[in-house]
Amino acid sequence: MNQPNKRLRTKASSLGWTAAIVLFLIIYSVIQSQRNQTNDQSVLNSEESRAQNVLDPLKEASHQSNTAKDEGAQQSDLGQQKEPNVSKSKSYPVASSPVSKKQTPANSNRPPPLNSSQRSTTAKTKPELGQLRDLGGKVWESAAGLKYGPGSREKHRLLHIMRHAEDQPNRPGKHGVFAGEGERKKVLAVIDEAYLKALKGGKKVERKKEGNRIVYTIDMDRRIGFVGGQVGNKQGKPSAYKIRLVLEGTNVITAFPL
Amino acid sequence: MYYVGICPFCEQGNLGIRICSKEGDAVILCDECDALWLSTDLNSKPLFPEQPNLPCPCCQGNLSDDPARWANFGEIYIKGWVHIVKGETG
Ligand SMILES: [Zn+2]
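Visitor: I would appreciate a short explanation of the interface of chain A and chain B in the present structure.
Guide: Size of an interface: often given as the accessible area lost when the parts come together. Across the contact, 26 residues belong to chain A and 25 residues belong to chain B. Roughly 2,100 Å² of surface becomes buried between chain A and chain B when both sides are summed, with 43% attributable to carbon and sulfur atoms. On the chain A side of the interface with chain B, the three residues burying the most area are Arg153(A), Pro172(A) and Glu210(A), jointly 32% of the side's total. Where chain A touches chain B, the interface holds seven salt bridges. Only helix 4 (157-161), strand 4 (175-178), strand 5 (205-210), strand 6 (213-219), strand 9 (242-248) and strand 10 (251-257) of chain A provide two or more residues apiece to the side of chain A that touches chain B. For the side of chain A that touches chain B, the class distribution of residues is six nonpolar, nine polar and 11 charged.

Okay, here's the thing in structure tokens:
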């Protein structure tokens, strides 16, 4: 009688073990799938927020990559530049980054490798003030968003502005002259800086609007050039601390120190 | 260029007498900011012709392209504006 009972106990015990193992496997697989879902969601969330952060620098990156090419073109189109900017523009690390060489395995728990647009957030992407990019139609846009296009007796606003890179001692009245040794990039950089300050407003900014024209007079709080022309030369070329910007929207009509 | 004053709008440009490209109309134009006056009353508000061609406000021509030009003394005399000329720019 003991033999069949023992067999029955052994059978029941092995069934119990089997059920326990099956139950364990089910619980394990459920937990595992939940964990995977959580991971996927967090990766998605981080991708989303990264995309938001990347948006502006990405624009800037494309801006800069154009700039290097464009400034070269501009040298020939509007060649009044004493010192080329091309090499400086090319120094922007937009396409290549050391980060791209360290790829992580696809199945690891590490975050996925950054794609090229995401990598740009890790690179230095801010365009320098005074840099230009070609918008087509002979219109160039500065880093601050000012546009320089055809116009004036010089046939282009960049050439018109560069009249203020050097003195015209015989010009009647005053002739504002930008500091910067006649270097276009320096002139455009200070104009960009003034424009950004004008947009912020404040006590140092005067704004006059007439029709589609806006005239900003911005106190730059430092010497940004001198007053030349007949009047300035009679006065001993006094330092200029202000810039006047004459704009139509973001289109530059003229800009000069005063 | 014969100039007739300093631009009251931008306070920097020299005001010259510009002859338009088509009918030879004469206007006063700032060489710095393109502010424009149809008469010698420079206290009146200027016009701002459309960039970049500066269409002539009096005809279908413009103030930008050839044969638009700064007026010579004869053209200023005919227009009757000699009395407002202050001098000639370098
Ligand atoms: Zn003016």
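Past the structure itself, the notes keep going.
Visitor: Looking at this structure, I do not really get the environment of Val139(A). What am I missing?
Guide: Residues and elements named next belong to chain A. The topology assignment puts Val139 in strand 2 (residues 139-142). In the structure, Val139 is positioned 112 residues away from Asn251 in sequence and 9.4 Å away in space, judged by C-alpha atoms. Those residues in contact with Val139 that sit more than four places away from it in its chain are Arg133, Asp134, Lys147, Tyr148, Gly149 and Pro150.

Visitor: Would you explain the pattern of salt bridges in this entry?
Guide: A side chain of one charge can pair with a side chain of the opposite charge when the charged atoms of the two come close. A complete count under the given rule lists 17 salt bridges over all chains for this structure. With a shortest N-O distance of 2.7 Å, Arg157(A) and Asp34(B) are connected by a salt bridge. Taken as a pair, Arg157(A) in helix 4 and Asp34(B) in the loop between strand 3 (26-30) and strand 4 (36-37) lie in two separate chains rather than in one. Each member of the pair, Arg157(A) as well as Asp34(B), is classed as buried. Where salt bridges share partners, they join Glu154(A), Arg163(A), Arg171(A), Asp31(B) and Glu32(B) into one cluster.

Visitor: Could you clarify how one ought to interpret the nonpolar core in this entry?
Guide: General note: in soluble globular proteins, nonpolar side chains tend to be found buried as a group. The biggest cluster of nonpolar side chains holds 30 residues, and the ones touching the most others in it are Tyr148(A), Ile191(A), Tyr216(A), Ile218(A), Ile243(A) and Leu245(A). Going through the elements one at a time, helix 4, helix 5 (184-200), strand 6, strand 9 and strand 10 of chain A are the ones with two or more residues in this core. Considering every element that reaches this core, the biggest residue donor is helix 5 of chain A, with seven residues. Listed in part, the 22 residues of the second largest apolar core include Ile253(A), Phe256(A), Phe9(B) and Ile19(B).

Visitor: Mind showing me how you'd approach unusual backbone geometry here?
Guide: Most of the time, phi is negative for any residue but glycine, and the peptide bond is trans. Here Gln51(B) and Pro52(B) are connected by a cis peptide whose omega angle stands at -5 degrees. On the secondary structure map, Pro52(B) appears in the loop between strand 4 and strand 5 (69-70). The phi dihedral of Lys155(A) falls on the positive side, at around 75 degrees, and the residue is not glycine. Looking at the element boundaries, Lys155(A) is found in the loop between strand 3 (147-148) and helix 4. With a relative accessible area of 46%, Lys155(A) lands in the partly exposed category. Positive phi, normally seen in glycine, also occurs at Leu54(B), with a value near 50 degrees. Structurally, Leu54(B) is set in the loop between strand 4 and strand 5.

Rules used in this analysis
Residues numbered from 1 in each chain as written. Chains lettered and ligands numbered in written order. Predicted model: local features only at pLDDT ≥ 70, side-chain atom pairs only at ≥ 80, totals over all residues. Heavy atoms only, no water. Contact = heavy atoms within 4.5 Å. Buried area = accessible area lost by both parts, 1.4 Å probe. Salt bridge = Lys/Arg side-chain N within 4 Å of Asp/Glu carboxyl O. Helix = DSSP H or I, 4+ residues; strand = E, 2+ residues; numbered from the N terminus. Nonpolar A, V, L, I, M, F, W, Y, C, P; charged D, E, K, R; others polar. Buried < 20%, exposed > 50% of the residue type's maximum accessible area, 1.4 Å probe, protein only. Core = buried A, V, L, I, M, F, W, Y, C linked by side-chain atoms within 4.5 Å.

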